[in-house]
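For reference, the chains in residue letters:
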Amino acid sequence: MPELPEVETIRRQLAEKIVGKTINQIEILAPKIFIGEVKTAIGAKVVGVGRVAKVLRILLSNGNALLAHFKLNGQFFWRGPGDDSPARFTCVIFHFTDGSRLLFNDSRKFGWIKAMENFSEESAAAIEPFCPDFNLKNFFAVLAKSRRPVKLVLMDQEKIGGIGNIYANEALFAARISPFRPANSLSVNEAEKLRNAIVKILQKAIDCRGSSGKDEWYRQLDGSPGGYQNHFLVYQKNGQKCPRCGDPITRQNQAGRGTFYCPACQI
Ligand SMILES: [Zn+2]
């Protein structure tokens, strides 16, 4: 599933391509994906592209907005005027007045696009990396309130926005913290290390334009893969040597997801 760095990469690339363009048609090939009224967006100009956690917000000149979530397999692909190169699993096509198109593809159809009238930006309930409220005080307070394993708290979108399975695994490894530790057992010092690891890793992943690991459907707007999978230290590395201590990296099922960690140096 695309996480903060992947959605942020698409946000930046979308902003370059569609801000200033006018939507003149929306073609819906999979009705389940598109929620709301098409007329909400027809004839409107795109004035900005935002993101909160893993949700994209395409802001329109008429005060309405289109929100999009990739869920497991969703993708946005861009097609310039005259570019009719094929795409698979296309569910929704946005046509712009200059002849360019934006395709939303989703092989499993868990993703969604919501047309929202009179959209106002409410403040998010979760704290979010790269926002001022993701400070040590707030982060430690979130951890201190939960006895659940720290990895599950990192991935809880109601507590912290944007972190999923890839970056939770990588950040816990970098901070040398076991994914199975109760969140409220972390010291302030450990919470600080973890917070810093999260920010550093997410920033590097954005710089690499996201991760397209094994079994991941994430692609950039032009269809090319991201690059951060080449920097994974533990994710999908089970059986390989820990880059820090040399012991084997282990994969264990945790709440239905694969947890990758080094039992020797994550305590
Ligand atoms: Zn190790």
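None of the values given here were measured: they were computed from a predicted structure.

Q: Quick question: what am I supposed to make of unusual backbone geometry here?
A: Glycine aside, a negative phi is what most residues show, and trans is what most peptide bonds show. The residue Phe89 is not glycine, and still its phi comes out positive at about 60 degrees. The topology assignment puts Phe89 in the loop between β6 (75–79) and β7 (90–96). A relative accessible area of 35% means that Phe89 is categorised as partly exposed. The backbone phi angle of Ala255 is positive, close to 50 degrees, even though this residue is not glycine. Judged by relative accessible area, Ala255 falls into the exposed class, the value being 64%.

Q: Is there a simple way to think about the pattern of salt bridges in this case?
A: In the structure shown here, the tally under the stated rule is nine salt bridges. Arg148 is the partner of Asp156 in a salt bridge, and the nearest nitrogen-oxygen pair spans 2.7 Å. With relative accessibility at 16%, the residue Asp156 sits in the buried group. By relative accessible area, Arg148 is classed as partly exposed at 36%. A cluster of three or more residues bridged by salt bridges with shared partners is formed by Glu8, Arg11, Arg12, Arg51 and Glu128.

Q: I'm lost on the side chain of Thr9 in this one. Help?
A: Among the structural elements, Thr9 can be located in helix α1 (residues 4–18). Within the local environment of Thr9, its side chain forms a polar contact with the backbone oxygen of Pro5, the two atoms lying 2.6 Å apart.

Q: So what exactly am I meant to see when it comes to the coordination of the zinc ion here?
A: Ideal geometry at a metal centre gives angles of 109.5 degrees when four donors are arranged tetrahedrally and 90 or 180 degrees when six donors are arranged octahedrally. Listed as protein donors to the zinc ion are Cys242 (SG), Cys245 (SG), Cys262 (SG) and Cys265 (SG); their distances from the metal cover 2.3 to 2.4 Å. Taken together, the four donor atoms coordinating the zinc ion span angles of 100 to 121 degrees at the metal, a pattern that classifies the geometry as tetrahedral. When the donor residues of the zinc ion are listed from N- to C-terminus, their spacing reads C-x2-C-x16-C-x2-C. Each member of the pair Cys262 and Cys265 is classed as buried.

Q: Sorry if this is basic, but what is going on with the sheet that holds strand β2 (residues 34–35) here?
A: Where strands meet in a sheet, backbone hydrogen bonds hold them as pairs that are either parallel or antiparallel. Spatially, five strands are ordered β2-β9-β5-β4-β3 in an open sheet, and the strand pairing comes out mixed. Each edge of the sheet is formed by a strand with only one pairing partner; in this case those strands are β2 and β3 (46–52). As paired strands, β3 and strand β4 (residues 55–60) are joined by six bridges and run antiparallel to one another. Looking across to β4, one finds that Val46 is bridged to Leu60.

Analysis parameters
Residues numbered from 1 in each chain as written. Predicted model: local features only at pLDDT ≥ 70, side-chain atom pairs only at ≥ 80, totals over all residues. Heavy atoms only, no water. Helix = DSSP H or I, 4+ residues; strand = E, 2+ residues; numbered from the N terminus. Buried < 20%, exposed > 50% of the residue type's maximum accessible area, 1.4 Å probe, protein only. Salt bridge = Lys/Arg side-chain N within 4 Å of Asp/Glu carboxyl O. Polar contact = N/O pair within 3.5 Å; in protein donor to acceptor, adjacent residues only side chain to side chain. Donors = N, O, S within 2.8 Å, 3.2 Å for Na, K, Ca; no water. Tetrahedral: all angles 85-135°; square planar, octahedral: opposite > 155°, others 65-115°. Pairing = 2+ DSSP bridges.

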